[in-house]
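Chain and residue survey
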Amino acid sequence: MSAPDDQSAYWNSTGTTKTFGHPLNPAWTARIDRDAAVLDYGCGYGRLAGELAALGFTDVEGVDVAPELIARARAEQPGARFAVLADPPGLDRPDGGYDAAFLFAVLTCVPDDAAQRALVAELHRVLRPGALLHVSDYGLQPDERNRERYRRCEARYGRFGVFETSDGAVCRHHTRDWLDGLFAAFDPVDEREIPVVTMNGRPAVATQLLFARR
Ligand SMILES: C[S@@+](CC[C@H](N)C(=O)[O-])C[C@H]1O[C@@H](n2cnc3c(N)ncnc32)[C@H](O)[C@@H]1O
């Protein structure tokens, strides 16, 4: 069985109870002009879009598959615009229409290979040449709790690193080779690994990658 590529029902129900925490990288964010057209793809309840607006960014748009999360984002973050993705990953935007994009803890929610490739191809389409793409997500985690669930779910989903959470999500942690291949159409600019707390309150290591659209 391959991993499901549409989990919008989870994100519109159980997902609305979660707190997201991957932090912006201030040095990377400082490289974007304050009047740039910025996309926050998979924006959840607008946490990052709100932080970007507070930093002085004047043109921030968040999009997400979950209408409940977008409703909360609209209520809490007046400094940004928000839209529900009607036909993910398709964006209602011309080629090269954004100057920068953020993709924070979204790939982990899209376990299927083809769905991830389509998502990244759509980001490539809507970013102008030279635009910066900020990615924050999870590599394979070394601890035994994660390793055990990767092993348990490997046969079912055909991929080491895909796992089921106890509350019904199917998530993915990534090999470095997979991430390198996924973003091969972008130029790597910088990267770092940082400690984070997952949406289920567990400590983990996040991989943050900064790319330039070729
Ligand atoms: C862990 S949350 C992170 C939210 C936000 N990026 C943040 O860091 O605060 C993942 C988000 O991705 C959204 N999502 C899941 N699958 C998606 C897809 N195929 N396309 C766009 N968004 C998706 C979920 O609805 C959820 O809001």
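Reading the values: the criteria
- Residues numbered from 1 in each chain as written.
- Predicted model: local features only at pLDDT ≥ 70, side-chain atom pairs only at ≥ 80, totals over all residues.
- Heavy atoms only, no water.
- Core = buried A, V, L, I, M, F, W, Y, C linked by side-chain atoms within 4.5 Å.
- Buried < 20%, exposed > 50% of the residue type's maximum accessible area, 1.4 Å probe, protein only.
- Helix = DSSP H or I, 4+ residues; strand = E, 2+ residues; numbered from the N terminus.
- Contact = heavy atoms within 4.5 Å.
- Pairing = 2+ DSSP bridges.
- Axes fitted to C-alpha atoms, helices over the stretch in contact; angles between N-to-C directions.

Where an unreviewed UniProt entry is consulted, the protein chain appears under the name Class I SAM-dependent methyltransferase, with the organism given as Kitasatospora misakiensis.

Let's shift gears to the nonpolar core. Residues Leu39, Tyr41, Leu103, Leu133, Val135 and Phe183 are the most contacted members of the largest nonpolar core, which totals 28 residues. Looking at this core, the elements that each hand over two or more residues are strand S1 (37–41), strand S4 (98–104), helix H5 (113–126), strand S5 (127–138), helix H7 (176–182) and strand S9 (203–213). Element by element, the count of residues in this core is highest for H5, at five residues. Contact partners of Leu39, with chain neighbours within four places excluded, come to Glu61, Val63, Leu91, Tyr98, Ala100, Ala101, Phe102, Leu123 and Val126. Counting 21 residues, the second largest nonpolar core, distinct from the first, contains Ile32, Leu48, Leu52 and Phe57.

A few words now on the sheet that holds S4. Here seven strands make up an open sheet; going across it, the order is S3-S2-S1-S4-S5-S9-S8 and the pairing mixed. One side of each edge strand has no neighbouring strand; the edge strands of this open sheet are strand S3 (81–84) and strand S8 (186–197). Shown here is a sheet whose adjacent strand axes are inclined to one another by a mean of 15°, direction ignored. Of the pairings in the sheet, the one linking S8 to S9 comprises 11 bridges and is antiparallel in character. Bridge pairing in S9 places Ile194 opposite Ala206.

Of all seven residues in S4, six are buried; the element is thus mostly enclosed. Direction of pairing for S1 relative to S4: parallel, over a ladder of three bridges. Note on S4: the bridge partner recorded for Asp40 is Phe102. The sheet contact formed by S4 and S5 spans six bridges and is parallel. What sits directly across from Phe102, in S5, is His134.

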